[in-house]
Amino acid sequence: MRLTLPHWAGALAVKAAAFITVMCCALAALLGVLVHVSVTNQTVGQARDLALSRLADATEAYEAGDTLLPGAGVDPEGLPAPLRSMAVAGERGTMVAAHRGRPAMWAAGPVAGHRALAVEVDYSQQARTIDGLDQSILWSSGLAIGATVLVGVFAVTRVTRRLHGTARVARRISAGDLDARVDDPRTKDPTRPQDEVAAVAAALDSMASSLQGKLLSEQRFTADVAHELRTPLTGLHAAAELLPPGRPTELVRDRVAALRTLTEDLLEISRLDTGRERPAVGTEALGALAERVVRASGTGTEVRILRDVRVETDRRRLERVLGNLVANAHKHGGPPVVLTVDGPVVTVRDHGPGYPEYLVAHGPQRFRTEGGAKGHGLGLTIAVGQAEVLGATLTFANAVDGGAVATLTLPAGARPAH
C-alpha cells in the first residue's frame, strides 16, 4: 500500500524534515557520546584508584608477611592474562574483566618470584550506572529528536502551505482568472515581519493587478476601435454599392465585406472578454443543428451522426462555434472535412497539414497564424470564447494519420433525440 502524503507535503517539506531529523540525530549522538565518555572515564577512574589503593595495601601486607585481605591474592583465579603478563614484567596496571559472571576491576603488580599480586574490586554497581546512563541518553535523545522534528515540520509546513497557496493563485491567474489574489495578511500589516514568502505573494498580487489593468485597457481599446470603425464602414459599404458593375467594384466590395467581418469579430471578442455574456438556453436536437450549420456554410462537409441527443444550449452560440470550426477546416485544412456527432461530443476533422504546435499546446491566439496561412486567428478564438459561455469544452489536436481535429464536448445532461 502506497503512503499518500497531504497536498502540502511536497519536496520542500520532506527535505526539511529529513534535514532536521539527520541534524538532530547527529547532535544527539555527539552529545550522547561526550556524556558517555565523560561519565565512563570518571567512573572507571574512581574504580581504578580504589583498586590501586587496595593493591598498595595488599603489597605492604604481603611484604610484611601479613594475611592478605579478601579479594587479594597471588596469581588468583580469573586474573586476565594480559594484566598478569604486565605484572610479571614489573609494571602495575588495571583492567576491567568479567569474573564469575559479573564485571570486576582488577589491579595487579609484581612480587618476588616473577609472580603477580592482584586485587579484585566489584565493578557491578559502576557497570549498572553506565548502562542506566546509556539508556537515559537514548530515551532523552529520542524524545528530543521527536519533539524537535515535530516543531520543525510544523514550522516548515506553515511555509509550504503559504507557498502552495501562492502557487495555486498563480495557476488561476495563468488560467485567466485575473481577479485571483494571494492576499497574504503579512503584506497588509507593516508591523508584522515580512518574510520571503510574503514578498513573493506581494509581487504576484502586484503582477496580477498590473496585468489585469493592461488587459482591460487592451480590451477597451479593441472595443472602442471596433465601435468607431462601424460608422465609416457602413458609409463605405453604402458607397461601394453605388459603384458601377465591374471587376474593380467587386474587389472593393470584397475588401469592405472582409473589413466588416473583421470589425464584427472584434466586437464579439470584446463582448466575450467582458465575461458578462449569458446564454439563452433552449432545447435543441444536436444532429439537426449540425446539419443546419453545414448547409448554411455552403461547403461539402460530411455529417456523421453516430448518436443523436437533445441538449440544453444556446442555439445561436452553438451554431457560431460549429460554423467557425467548419469554416476554419475548409480554409486552413484539406478535404474531406467530416463533422461527427456522438452524443454530446461533436468533432470536426479535416485532412490537411494539421494545427500548428502552439495552437495545440496553448489554444488559439488572436492575430497569430503560421505556415503562410491567411487570416487573423479570430475564428477559433471566438469559438473557444462562445464554448466557454455555453459551459462546453473545446480542444484541438492533430490526428495520428494527419489532419486537424477539433472536439467540442457539451455539458452533461443530454438526453437521446427521438
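Residues numbered from 1 in each chain as written. Predicted model: local features only at pLDDT ≥ 70, side-chain atom pairs only at ≥ 80, totals over all residues. Heavy atoms only, no water.

What follows covers the overall build of the protein chain. The secondary structure content of the protein chain amounts to 10 helices and 12 strands. Relative to the globule expectation of 22 Å for 418 residues, the C-alpha radius of gyration of the protein chain, 45 Å, shows a markedly less compact shape. Considering the protein chain as a whole, with its 418 residues, one finds that 35% of them fall into the buried category. Sequence separation of at least 24 residues holds for 62% of the intrachain contacts in the protein chain that already meet a minimum separation of 6. Taking the 45 positively charged and 44 negatively charged side chains of the protein chain as two groups, their mean positions are separated by 7 Å. (Helix = DSSP H or I, 4+ residues; strand = E, 2+ residues; numbered from the N terminus. Rg over C-alpha atoms; globule rule 2.2 N^0.38 Å. Buried < 20%, exposed > 50% of the residue type's maximum accessible area, 1.4 Å probe, protein only. Contact = heavy atoms within 4.5 Å. Lys, Arg positive; Asp, Glu negative; His and termini not counted. Charge placed at Lys NZ, Arg CZ, Asp CG, Glu CD.)

Bringing helix α10 (residues 378–390) into the picture now. For α10, with 13 residues, the first-to-last C-alpha span of 18 Å sits near the 18 Å given by 1.5 Å per residue. For α10, the tally of buried residues reaches 10 of 13 residues, placing the bulk of the element in the interior. Along α10, the residues that are buried comprise Leu378, Leu380, Thr381, Ile382, Ala383, Gly385, Gln386, Ala387, Val389 and Leu390. (Expected span 1.5 Å × (residues − 1).)

Our focus in this paragraph is the sheet that holds strand β9 (residues 345–349). Strands sit in the order β6-β8-β9-β11-β10 across an open sheet of 5 strands; the sheet is mixed. Looking along the sheet, the strands with just one partner apiece sit at the ends: β6 (302–307) and β10 (393–398). Geometrically, the sheet is characterised by an average inter-axis angle of 15° between neighbouring strands, direction not taken into account. Strand direction decides the pairing type here: strand β8 (residues 338–342) and β9, joined by 5 bridges, are antiparallel. Across the sheet, the residue bridging to threonine 340 is threonine 347, located in β9. Docked against the sheet, α10 engages β10 and β11 (404–409), running at close to 140° with respect to β10. (Pairing = 2+ DSSP bridges. Axes fitted to C-alpha atoms, helices over the stretch in contact; angles between N-to-C directions.)

Of note, threonine 166 is situated in helix α3 (residues 124–174). For threonine 166, a relative accessible area of 8% translates into the label buried.

On to the sheet that holds strand β3 (residues 102–111). Pairing within the open sheet is antiparallel, and its 4 strands lie in the order β1-β4-β3-β2. Looking at the sheet topology across the chains shown, the edges are occupied by β1 (72–74) and β2 (93–99). Neighbour-to-neighbour, the strand axes of this sheet turn through a mean angle of 30°, independent of strand direction. Here β1 pairs with strand β4 (residues 115–122) via 3 bridges, running antiparallel. Bridged to alanine 72 within β4 is valine 119.

This brings us to the packing of helix α8 (residues 315–332) against α10. With their axes 9 Å apart at the nearest point, α8 and α10 run at an angle of 150° to one another. The orientation of α8 with respect to α10, classified from their angle, is roughly antiparallel. Crossing handedness for the pair α8 and α10: left-handed. Two secondary-structure elements touch here, α8 through Arg317, Leu318, Arg320, Val321, Asn324, Leu325 and Asn328 and α10 through Gly379, Leu380, Ile382, Ala383, Gln386, Ala387, Val389 and Leu390. (Parallel < 35°, antiparallel > 145°, perpendicular 65-115°, else oblique. Left-handed = near helix turned anticlockwise from the far one by under 90°.)

To continue, consider the pairing of β10. In this sheet, β11 lies alongside β10 in antiparallel orientation, the contact comprising 6 bridges. The residue of β11 that forms the bridge with phenylalanine 396 is alanine 406. Hairpin geometry of β10 and β11 is characterised by an intervening segment of 5 residues between the two adjacent antiparallel strands and by a positive phi of about 105° at glycine 402.

On the UniProt side, "transmembrane region" (unreviewed entry) is annotated at positions that read residues 12–35 and 137–156 here. The span residues 137–156 is 100% helical and 0% strand by assignment, and the distance between its end C-alpha atoms comes to 28 Å. (UniProt positions renumbered as here; feature names shortened; annotations may be inferred.)

Summed over the entire model, instances satisfying the criterion amount to 12 salt bridges. The partner of aspartate 75 in a salt bridge is arginine 115, with the nearest N and O atoms 3.8 Å apart. One end of the pair, aspartate 75, is in the loop between β1 and α2 (81–88); the other, arginine 115, is in strand β4, with 40 residues separating them in the sequence. Residue aspartate 75 is classed as partly exposed on the basis of its relative accessible area of 26%. With a closest N to O distance of 3.1 Å, aspartate 184 and arginine 162 form a salt bridge. In this pair, aspartate 184 sits in the loop between α3 and α4 (185–188) while arginine 162 sits in helix α3, placing the two residues 22 residues apart along the sequence. Comparing aspartate 184 with arginine 162 shows no difference in burial state: the two are buried. It is possible to trace a salt-bridge network through shared partners that takes in Glu284, Arg292, Arg315 and Glu319. (Salt bridge = Lys/Arg side-chain N within 4 Å of Asp/Glu carboxyl O.)

Our focus in this paragraph is the nonpolar core. Counting 32 residues, the largest nonpolar core has Leu286, Leu318, Leu325, Leu339, Leu394, Phe396 and Leu408 as the members making the most contacts within it. Excluding its chain neighbours within four sequence positions, the residues that come into contact with leucine 325 are Val348, Leu380, Ala383, Leu394, Phe396 and Ala406. Counting 14 residues, the second-largest nonpolar core is a separate cluster that includes Ala107, Leu117, Val121 and Ala127. (Core = buried A, V, L, I, M, F, W, Y, C linked by side-chain atoms within 4.5 Å.)

Let us look at unusual backbone geometry. Of note, the bond from proline 335 into proline 336 is cis; its omega dihedral lies within 30 degrees of zero at -5°. Its location among the elements puts proline 336 in the loop between α8 and β8. For aspartate 75, which is not glycine, the phi torsion reads 45° and is therefore positive.

Inspection of the secondary structure assignment puts asparagine 328 in helix α8. We classify asparagine 328 as buried; its relative accessible area is 16%.

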